[in-house]
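# Architecture at a glance
Residue strings, one per chain:
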Amino acid sequence: MREEEKIRAGILFSPADPELKAIKLKTHNLNVDYNSTYEDEEEKRAAILSEIIGEFGEGGRIQGPIAFHYGKHTKIGKNFFGNFNLTIQDDAEVTIGDNCNFGPNVTIVTPVHPMLPNERREMLTAAGEKKHLCYARPVHIGNDCWFGASVTVCPGVTIGDNCVIGAGSVVTRDIPANSFAAGVPCRVIRELSEADSMRHRPDILADNSVIE
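Summarised in this report is the structure supplied together with it. Since the model is a prediction, treat every value here as computed from it, not as a measurement.

## Looking at the sheet that holds strand S14 (residues 139-141)
One open sheet accounts for five strands, arranged S1-S4-S7-S14-S17; its pairing is parallel. Unpaired on one side and paired on the other, strand S1 (55-56) and strand S17 (158-159) mark the two borders of the sheet. Looking at chain direction, S1 and strand S4 (residues 74-76) are connected through two bridges and run parallel. Among the inter-strand pairings, Glu55 is bridged to a residue of S4, identified as Lys75.

See below:
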């Protein structure tokens, strides 16, 4: 079994495998290319993102700088906005739905290391080789989610549609759809409802209006 297949199977794999290292090196170099562009070089930026990300829906924009680990393991839907310093460590698959907005310094991680130090240093493979091994858990994020600044999403988490995740949260467990969640660790504060509509905040709505 190839190391990338082991990642998908959720079992221990070697991140130093030459095939995986080649994917990461290409992506890391492309990150640098993207981060060297100017904000108004839209065509150049789009071309680089098309080489990095497995799927990137139309209408998407990422402010930069960016840090994708594999890139090809990430799928992002339509009309995505990622603010400054988006980091996606996509050893395992990362999926992000349509119409999501991420504040600055959002981080999504999928790899997990053994808890015991001797096992983190090295383990014995089936072939009898001593290697540094880890495993990874996919992250899935639904449609129409808004993440505040400095949100961290941990391995194996699923966040449902229409969620708002408060700034600075560390999401360690699944968040159901239509939730406002925040904290370290992140927990559901309450369900979002019509009561959260801007129509109930005339002081902020001013002379604007909600589209029916």
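## Some remarks on the packing of aromatic side chains
Within this structure, the stated rule accounts for two aromatic pairs. Centroid distance Phe80 to Phe102: 5.0 Å. Interplanar angle 85°. Geometry classified as edge-to-face. Remark: Phe102 occurs in strand S8 (residues 101-102) and Phe80 occurs in the loop between S4 and strand S5 (81-82); sequence separation between them is 22 residues. Phe102 shares its class with Phe80; the two are buried. A centroid spacing of 4.4 Å and a plane angle of 5° characterise the contact between Phe102 and Phe147, whose relative ring orientation is stacked. Of this pair, Phe102 sits in strand S8 while Phe147 sits in strand S15 (residues 146-147), and the two are 45 residues apart along the sequence. Take Phe102 and Phe147: they sit in the same class, and that class is buried. These aromatic residues form a ring-pair network of at least three members: Phe80, Phe102 and Phe147.

## Some thoughts on the sheet that holds strand S3 (residues 66-68)
One open sheet accounts for five strands, arranged S3-S6-S9-S16-S19; its pairing is parallel. Strands at the two margins of the open sheet, each flanked by one partner only, are S3 and strand S19 (170-171). As judged from the three bridges shared by strand S6 (residues 86-89) and strand S9 (residues 107-109), these two strands associate in the parallel manner. Looking at S9, one finds that Gln89 is bridged to Val109.

## Points about the packing of helix H2 (residues 18-35) against helix H3 (residues 42-52)
Orientation of H2 relative to H3, taken along the N-to-C sense of each, is 165°, at an axis distance of 10 Å. On the basis of their axis angle, the class for H2 and H3 is roughly antiparallel. The two elements H2 and H3 meet at a crossing, and its hand is left-handed. Contacts between H2 and H3 involve Lys26, Thr27, Leu30, Asn31, Asp33 and Tyr34 from the former and Arg45, Ile48, Leu49, Glu51 and Ile52 from the latter. For the contact of H2 with H3, the residue count by class is five nonpolar, two polar and four charged.

About the thresholds
- Residues numbered from 1 in each chain as written.
- Predicted model: local features only at pLDDT ≥ 70, side-chain atom pairs only at ≥ 80, totals over all residues.
- Heavy atoms only, no water.
- Pairing = 2+ DSSP bridges.
- Helix = DSSP H or I, 4+ residues; strand = E, 2+ residues; numbered from the N terminus.
- Phe/Tyr/Trp six-rings, centres within 6.5 Å; stacked < 30°, edge-to-face > 60°.
- Buried < 20%, exposed > 50% of the residue type's maximum accessible area, 1.4 Å probe, protein only.
- Axes fitted to C-alpha atoms, helices over the stretch in contact; angles between N-to-C directions.
- Parallel < 35°, antiparallel > 145°, perpendicular 65-115°, else oblique.
- Left-handed = near helix turned anticlockwise from the far one by under 90°.
- Contact = heavy atoms within 4.5 Å.
- Nonpolar A, V, L, I, M, F, W, Y, C, P; charged D, E, K, R; others polar.

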